[in-house]
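A closer look at the structure
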Amino acid sequence: MRKKVIAGNWKMNMLPNETINFIDKFSKLVKDSENEIILCVPFVDLFYALLHVQGTNIKIGAQNMYWEEKGAFTGEISGNMLKSIGVEYVIIGHSERRAYFAETDEIVNKKIKAALKCKLKPIICVGETLEQREQGKAIEIIKLQIQEAFKDIDKNDMENIIIAYEPIWAIGTGKTATSEDANNTIKAIREEISKIYGQDVAKRVIMQYGGSVKSSNSQELFSMSDIDGGLVGGASLDAEEFSKIANYK
Ligand code: 13P
């Protein structure tokens, strides 16, 4: 049985003092959760978040990293920098980074390799645009993203990887994929992983759904056969609302 992993992606929201207040409230609300809970916070909040989750069941992730180890890359953050302060997860290839910061599948692949090298666990995002979906190309596009993302990634690293299926048209729009649709797409992703790494590996990889997840739809989504939790944007900014999602049973 795969565990449920529920991650909040705060995107460019929350100042350090808001982070501390959030964690103090949220940690009490989710202390009995049986799921793995991750908060992916802005870089400047990481250190405060790491201090304040000590002794709780909350893990901390970053939202991006650069693939080089060090050097003249003004403004970038390396995997080692994240690891050195105790960060455990890092989101790679979020659709907002692909759309606004020109991240390609090749870059995503480089970042995954760099993250794994530093023993960070990547949460790898894939998903189709509305146009691709309407043209009936969603599965084809996602399979390509998977093939490119996992180029030369070792089978042994697969236990440290999470895949998040986030249909771009569902992000921040209030539109959610139906649970059947999301489940079927994630099944297709599992099949693709199975083609590369075999069924044993594919059966174990955690695959989340993301895109307008809230407490009113999370129960149904997370109870589907292949959906192992969620990557939650807007609804993860409210401690009470996010605790209802994270406390999924
Ligand atoms: P929303 O939950 O705000 O739609 O965002 C989803 C997302 O992009 C999480 O990474």
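1. Things to note about the overall build of the protein
Counting secondary structure elements, the protein contains eleven helices and eight strands. Relative to the globule expectation of 18 Å for 249 residues, the C-alpha radius of gyration of the protein, 17 Å, shows essentially globular dimensions. Taken over the C-alpha atoms alone, the protein extends approximately 45 × 45 × 35 Å along its principal axes. Taken over 249 residues, the protein has a buried fraction of 53%. For the protein, the share of sequence-separated contacts (at least 6 apart) that also reach a separation of at least 24 residues comes to 73%. If you sum the accessible surface of the protein, you get close to 11,800 Å²; carbon and sulfur atoms cover 51% of it. Charged side chains of the protein number 32 positive and 35 negative; the gap between the two group centres comes to 3 Å.

2. Remarks on the site of the ligand
Taken together, the neighbourhood of the ligand is formed by Asn9, Lys11, His94, Glu166, Ala170, Ile171, Gly172, Gly211, Ser212, Leu231, Gly233 and Gly234. For the ligand, an oxygen atom lies 3.0 Å from a polar atom in the side chain of asparagine 9. Between the ligand and lysine 11, the relevant distance is 2.9 Å, taken from an oxygen atom to a side-chain nitrogen or oxygen of the residue. Relative to its free-state accessible area of 310 Å², the ligand is covered by the protein chains to the extent of 95%.

3. Quick notes on the pattern of salt bridges
The tally for this structure, following the rule as stated, stands at 20 salt bridges. With a shortest N-O distance of 2.5 Å, arginine 133 and aspartate 181 are connected by a salt bridge. With arginine 133 in helix α6 (residues 130–134) and aspartate 181 in helix α8 (residues 179–197), this residue pair connects regions lying 48 residues apart in the sequence. Since its relative accessible area comes to 31%, aspartate 181 is described here as partly exposed.

4. Thoughts on the packing of aromatic side chains
Under the defined criterion, the tally for this structure stands at nine aromatic pairs. The interplanar angle of 80° and the centroid separation of 6.5 Å between the aromatic rings of tyrosine 100 and phenylalanine 101 together place this pair among those described as edge-to-face. Since its relative accessible area comes to 63%, tyrosine 100 is described here as exposed. With centroids separated by 5.6 Å and ring planes inclined at 75°, the aromatic side chains of phenylalanine 222 and tyrosine 248 adopt a geometry described as edge-to-face. Of this pair, phenylalanine 222 sits in helix α10 (residues 215–222) while tyrosine 248 sits in the segment after α11 (239–246), and the two are 26 residues apart along the sequence. Judged by relative accessible area, phenylalanine 222 falls into the buried class, the value being 0%. Through successive ring pairs, a cluster of aromatic residues spans Trp10, Phe22, Phe26 and Phe242. The residue whose ring lies beneath arginine 97 is phenylalanine 101, and the NZ or CZ to ring-centre distance is 4.3 Å.

5. A look at the nonpolar core
Counting 65 residues, the largest nonpolar core has Phe26, Leu39, Phe150, Ile163, Ile193 and Tyr209 as the members making the most contacts within it. The residues contacting leucine 39, other than those within four sequence positions of it, are Gly8, Trp10, Phe22, Ile23, Phe26, Ile58, Lys59, Ile60, Gly61 and Phe242.

6. Some thoughts on a nonpolar patch on the surface
Residues Phe47, Tyr48, Leu51 and Ile85 make up a contiguous nonpolar surface patch of roughly 370 Å² in combined accessible area. A total of three residues in the nonpolar patch trace back to one element, the largest contributor, which is helix α2 (residues 43–52). With respect to the secondary-structure elements, leucine 51 resides in helix α2. For leucine 51, a relative accessible area of 45% gives the class partly exposed.

7. Quick word on the sheet that holds strand β3 (residues 58–62)
Pairing is parallel around the closed barrel formed by eight strands, whose spatial order is β1-β2-β3-β4-β5-β6-β7-β8. Ignoring strand direction, the axes of neighbouring strands in this sheet form an average angle of 25°. Of the strand pairs in this sheet, strand β1 (residues 5–9) and strand β2 (residues 36–40) are connected by five bridges, and their pairing is parallel. Note that in β2 the partner of asparagine 9 across the bridge is cysteine 40. Packed onto the sheet, helix α7 (residues 138–149) meets β5 (121–126) and β6 (162–165) and runs at close to 150° relative to β5.

So, how was this worked out
- Residues numbered from 1 in each chain as written.
- Predicted model: local features only at pLDDT ≥ 70, side-chain atom pairs only at ≥ 80, totals over all residues.
- Heavy atoms only, no water.
- Helix = DSSP H or I, 4+ residues; strand = E, 2+ residues; numbered from the N terminus.
- Rg over C-alpha atoms; globule rule 2.2 N^0.38 Å.
- Buried < 20%, exposed > 50% of the residue type's maximum accessible area, 1.4 Å probe, protein only.
- Contact = heavy atoms within 4.5 Å.
- Areas by Shrake-Rupley, 256 points an atom, 1.4 Å probe, with all protein chains shown as cover.
- Lys, Arg positive; Asp, Glu negative; His and termini not counted.
- Charge placed at Lys NZ, Arg CZ, Asp CG, Glu CD.
- Near = heavy atom within 4 Å.
- Polar contact = N/O pair within 3.5 Å; in protein donor to acceptor, adjacent residues only side chain to side chain.
- Salt bridge = Lys/Arg side-chain N within 4 Å of Asp/Glu carboxyl O.
- Phe/Tyr/Trp six-rings, centres within 6.5 Å; stacked < 30°, edge-to-face > 60°.
- Lys NZ or Arg CZ within 6 Å of the ring centre and 35° of its normal.
- Core = buried A, V, L, I, M, F, W, Y, C linked by side-chain atoms within 4.5 Å.
- Patch = residues over 30% accessible without salt bridge, like charges linked within 9 Å, V, L, I, M, F, W, Y side chains within 5 Å.
- Pairing = 2+ DSSP bridges.
- Axes fitted to C-alpha atoms, helices over the stretch in contact; angles between N-to-C directions.

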